[in-house]
Amino acid sequence: MTIALKDVTIHPVVEQQGAFCDFLEFFPKLSKEQFEENRSWLEPTFVDPATQRLVLCIQGFLIKTAQHTILIDSCVGNHKPRPARPFWNMMNSDRFEQGLKAVGVGFDDIDYVMCTHLHGDHVGWNTRLENGRWVPTFPKARYVMADRELAFWTQKQKEHPADAPWMTDSVLPIVAANRAQVVKSDFALGDLVQCIPTPGHTIDHFSVLVGRSGHDALITGDMIHSPIQGRYPDLSMRLDYDSAQSAETRRKIFDRYCDTSTLFCVTHFPSPSTGRVQRWGDGYKIA
Ligand SMILES: [Zn+2]
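Calculation notes
Residues numbered from 1 in each chain as written. Predicted model: local features only at pLDDT ≥ 70, side-chain atom pairs only at ≥ 80, totals over all residues. Heavy atoms only, no water. Donors = N, O, S within 2.8 Å, 3.2 Å for Na, K, Ca; no water. Tetrahedral: all angles 85-135°; square planar, octahedral: opposite > 155°, others 65-115°. Helix = DSSP H or I, 4+ residues; strand = E, 2+ residues; numbered from the N terminus. Buried < 20%, exposed > 50% of the residue type's maximum accessible area, 1.4 Å probe, protein only. Salt bridge = Lys/Arg side-chain N within 4 Å of Asp/Glu carboxyl O. 1 Å grid on protein atoms, 1.4 Å probe; cavity = no way out; pocket = protein on both sides within 12 Å on 5 of 7 lines; lining within 4 Å. Points joined across faces, edges and corners; volume = space filled by probe spheres on them. Nonpolar A, V, L, I, M, F, W, Y, C, P; charged D, E, K, R; others polar. Expected span 1.5 Å × (residues − 1). Contact = heavy atoms within 4.5 Å.

Student: Just to check I follow, could you spell out the coordination of the zinc ion for this structure?
Tutor: Each pair of donors in an ideal octahedron of six around a metal sits at 90 or 180 degrees, and each pair in an ideal tetrahedron of four sits at 109.5 degrees. Donor atoms from the polypeptide that coordinate the zinc ion comprise Asp121 (OD), His122 (NE2), Asp222 (OD) and His268 (NE2), at 2.1 to 2.2 Å from the metal. Here the zinc ion is ringed by 4 donor atoms whose angles at the metal span 84 to 174°, and the overall shape comes out irregular. Each donor residue of the zinc ion lies on one chain, and together they are spaced D-H-x99-D-x45-H. One end of the pair, histidine 122, is in helix H4 (residues 120–123); the other, histidine 268, is in the loop between strand E15 (263–265) and strand E16 (274–275), with 146 residues separating them in the sequence. The residues histidine 122 and histidine 268 share a single accessibility class, namely buried.

Right, dumping it as structure tokens:
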């Protein structure tokens, strides 16, 4: 699937899609009654009817402009020890690489990797294992990371390495190899790629607006995980760094793009993962 905008194309690169987490555990503030009220439209696309688990896509978005080939978020990666996440532990899959190949892109072709935030399912392919060492997967790429995000997780890894194993194998080796480009979360790359601070899920999370005004798309990253957070923008997922801030971010971003032509590419929504924002009661629908 290719999303063609003026002067930019977007290609989703899917690594995995599945029903990973119990819906009510993922959204601990959602009541059983609210869940029941919404099941009819959430199932089967967003909630697996058999297990009542949230269906998530793990994907990155490849952006091609005349100047640059940019990967936004790099999924889980191969051979990464993730003992706390059995479905991501020591993966060995060629699906991500094949996804790039399908749009004519090899590891050498990527100029920039942009990390919306530094969680394990967004940085994994930053590195790959070569002769027992973690090396940058994309040898020519600069890896764009927000400064406060990198500082936060670097400190976390130092204090509790087991809480952030992806820092050890997928982020710090990039810094050590001098491939990190540490930026403010409103960084712009030319006039077609603009980071937009969307904090809350993590301390310095950003989304990425691509394209020209009137012909643009917002790669959300993890400011939203399920469309139920459109209907109830205050609903946070269990791992949000600051749930009040993540709610404020959702309201602000949905309000800004409501009834506009901006296409949302929602990283964790099941494929095709896209829609435009419309009002829906006190909340919003991405459809
Ligand atoms: Zn994520």
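Student: Looking at this model, I keep getting lost on the pattern of salt bridges. Mind explaining?
Tutor: Close approach of charged atoms lets side chains of opposite charge pair. Evaluation of the coordinates by the stated rule reveals 11 salt bridges. The salt bridge partner of lysine 32 is glutamate 36, with a shortest N-O separation of 3.3 Å. Of this pair, lysine 32 and glutamate 36 both sit in helix H2 (residues 32–42), separated by 4 residues, roughly a single helical turn. According to the relative accessible area criterion, lysine 32 is partly exposed, its value standing at 41%. Ionic pairing is found between arginine 128 and glutamate 130, a salt bridge with its closest N-O pair at 3.4 Å. Owing to a relative accessible area of 34%, glutamate 130 belongs among the partly exposed residues under this scheme. Through salt bridges with shared partners, a single ionic network connects Lys32, Glu36, Arg39 and Glu43.

Student: Is there a simple way to think about the layout of surface pockets in this case?
Tutor: Gaps between atoms show up when a probe of the same size as a water molecule is rolled over them. Empty space within the largest pocket amounts to approximately 660 Å³. Taken together, 31 residues make up the lining of the largest pocket; nearest its centre are Arg85, Trp88, His119, Trp166 and Leu239. Here the lining of the largest pocket takes 3 residues from helix H5 (residues 147–159), the largest share from any one element. Of the residues in the lining of the largest pocket, the class split is 18 nonpolar, 6 polar and 7 charged.

Student: Explain helix H6 (residues 165–176) to me, please; I cannot follow it from the model alone.
Tutor: Since one α-helical turn is 3.6 residues long, residues separated by three or four positions face the same way. Helix length check: H6 (12 residues) gives 16 Å between terminal C-alpha atoms against 16 Å at 1.5 Å per residue, within 8%. Listed in full, the buried residues belonging to H6 are Pro165, Trp166, Met167, Asp169, Ser170, Val171, Pro173 and Ile174. In this structure, the buried residues of H6 make contact with H4, strand E7 (127–130), strand E8 (133–136), strand E9 (142–146), H5 and strand E10 (180–183). A positive backbone phi angle near 60° is found at asparagine 178, which sits one or two residues after H6.

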